[in-house]
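Residue strings, one per chain:
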Amino acid sequence: MAGIRAAVFALCALPAVLLIAGLLQGTLGANPVERLLNGTGSWGLRFLIATLAMTPLRWATGAGWVVRLRRQIGLWAFFYAAAHFSVFAVFEHGLGLSAIVSDIVQRPFILVGASALLLLLPLALTSTQGWIRRLGRNWKRLHWLIYPAAILGVVHFFWLIKADRWTEPLIYAGILAVLLGWRVVKRLG
């Protein structure tokens with residue numbers, strides 16, 4: 001399992017390494033901030049959906065070990081979502097709190113994205129064995145926040161995209177609908 005975890009870690013870190021290398025080498029194009037925003041946001045959403053896919057993958061394959069990767073992938077989802085917000089806060093607003101808050105309030109898609117990040121924060125903070133022990137059953141209840149966070153992440157993506165470029169957010173929405181629908185059917189059946 002340690003080898004699989006190391007491989008997953010390397011694969012999850014690769015997009016960040018490539019984005020940082022592109023930034024340092026000046027190969028992110030004419031608008032590197034936009035590329036960083038898009039890259040970190042897309043990877044955050046991909047890893048969030050991958051986290052949600054672990055349980056249905058176990059149900060479909062019977063491979064219980066895949067669920068042990070869920071927390072690691074979830075932490076990567078939080079990392080990329082936090083990096084996405086950090087790029088927004090640093091490069092677009094120079095960490096000016098009033099400008100950040102004003103932008104969040106005035107632009108609903110940013111408010112939805114920031115809300116998703118805030119829902120992921122307690123999940124990342126309580127992802128250690130110590131917190132799992134301390135919270136007991138409440139840990140699992142708390143981690144249900146991943147569902148609204150994922151929905152808000154997809155809505156954030158939809159609202160920021162121009163009307164003629166909806167293919168990618170529709171794909172994410174479809175995958176998320178299948179993953180959440182599968183859970184509902186499993187729970188009711």
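The structure this text deals with has already been given above.
In this text the structure is predicted, and so the values were computed from the model without any measurement.

Peer 1: An account of the packing of aromatic side chains is needed here, citing residue identities and associated values.
Peer 2: In the structure shown here, the tally under the stated rule is 10 aromatic pairs. Between F85 and F88, the ring centres sit 5.6 Å apart and the planes meet at 50 degrees, which makes this aromatic pair tilted. Pair noted here: F85 and F88 are both in helix α3 (residues 70-92), with a separation of 3 residues, about one helical turn. Judged by its relative accessible area of 7%, F88 is buried. Arranged with centres 5.7 Å apart and planes meeting at 45 degrees, the rings of F157 and Y172 form a pair that is tilted.

Peer 1: Let's hear about the pattern of salt bridges: which residues, and what values?
Peer 2: This model, assessed by the stated rule, comprises 2 salt bridges. Between E168 and R46 there is a salt bridge, and its shortest N-O distance comes to 3.4 Å. Highlighted residues: E168 in helix α9 (residues 167-188) and R46 in helix α2 (residues 32-61), separated in sequence by 122 residues. Relative accessible area serves as the criterion here: at 33%, E168 is assigned to the partly exposed category. For R46, a relative accessible area of 29% gives the class partly exposed. Note that D103 is salt-bridged to R107, the shortest N-O span being 3.0 Å. For D103, a relative accessible area of 9% translates into the label buried.

Peer 1: An account of α9 is needed here, citing residue identities and associated values.
Peer 2: For α9, spanning 22 residues, the distance from its first C-alpha to its last is 31 Å, which sits close to the expected 32 Å at 1.5 Å a residue. Taken together, the buried positions of α9 are P169, Y172, L176, L179, L180 and R183. Along α9, the residues classed as buried sweep out an arc of 100 degrees about the axis, all on the same side. Exposed and facing more than 90 degrees away from the buried side of α9 are T167, V178, V185 and L188. The secondary structure elements touched by the buried residues of α9 are α2 and α8 (146-160).

Peer 1: Lay out the side chain of R183 in plain terms, naming residues and giving numbers.
Peer 2: Mapped onto the elements, R183 comes out in helix α9. Buried charged residue R183 carries no salt bridge. Nearest counter-charge: E168, at 20 Å. A distance of 3.1 Å separates the side chain of R183 from the side chain of Y147, its partner in a polar contact. Those residues in contact with R183 that sit more than four places away from it in its chain are L52, T55, P56, W59 and Y147.

Peer 1: So what's going on with the side chain of S42? Residues and values would help.
Peer 2: Within the fold, S42 resides in helix α2. Here S42 is in contact with E168 and Y172, once residues within four sequence places are set aside.

Peer 1: Could you give me a rundown of α8, with the residues and numbers involved?
Peer 2: Structural remark: α-helix, 3.6 residues per turn; residues separated by three or four positions point the same way. Its 15 residues place the ends of α8 21 Å apart at the C-alpha level, agreeing with the 21 Å of an ideal helix rising 1.5 Å per residue. All buried positions along α8 are accounted for by I146, A149, A150, G153, V154, H156 and F157. End-on view of α8: buried residues confined to an arc of 155 degrees, all on one side of the axis. Residues of α8 that are buried sit in contact with α2, α3, α5 (108-125) and α9.

Peer 1: Give a description of unusual backbone geometry that names residues and reports values.
Peer 2: With phi around 60 degrees, L95 is a residue other than glycine that occupies positive phi space. Topologically, L95 is positioned in the loop between α3 and α4 (97-106).

Peer 1: Account for the packing of α8 against α9, with residues named and values stated.
Peer 2: Relative orientation of the contacting elements α8 and α9 amounts to 160 degrees, with a least axis distance of 9 Å. If you check the angle between α8 and α9, you find them roughly antiparallel. When you trace α8 past α9, the crossing you get is left-handed. Where α8 abuts α9, its residues Y147, A150, I151, V154, F157 and F158 lie against E168, P169, L170, Y172, A173, L176, L180 and R183. Looking at the contact of α8 with α9, its residues break down into 12 nonpolar, no polar and 2 charged.

Definitions and cut-offs
- Residues numbered from 1 in each chain as written.
- Predicted model: local features only at pLDDT ≥ 70, side-chain atom pairs only at ≥ 80, totals over all residues.
- Heavy atoms only, no water.
- Phe/Tyr/Trp six-rings, centres within 6.5 Å; stacked < 30°, edge-to-face > 60°.
- Helix = DSSP H or I, 4+ residues; strand = E, 2+ residues; numbered from the N terminus.
- Buried < 20%, exposed > 50% of the residue type's maximum accessible area, 1.4 Å probe, protein only.
- Salt bridge = Lys/Arg side-chain N within 4 Å of Asp/Glu carboxyl O.
- Expected span 1.5 Å × (residues − 1).
- Arc of directions from axis to C-beta.
- Contact = heavy atoms within 4.5 Å.
- Lys, Arg positive; Asp, Glu negative; His and termini not counted.
- Polar contact = N/O pair within 3.5 Å; in protein donor to acceptor, adjacent residues only side chain to side chain.
- Axes fitted to C-alpha atoms, helices over the stretch in contact; angles between N-to-C directions.
- Parallel < 35°, antiparallel > 145°, perpendicular 65-115°, else oblique.
- Left-handed = near helix turned anticlockwise from the far one by under 90°.
- Nonpolar A, V, L, I, M, F, W, Y, C, P; charged D, E, K, R; others polar.

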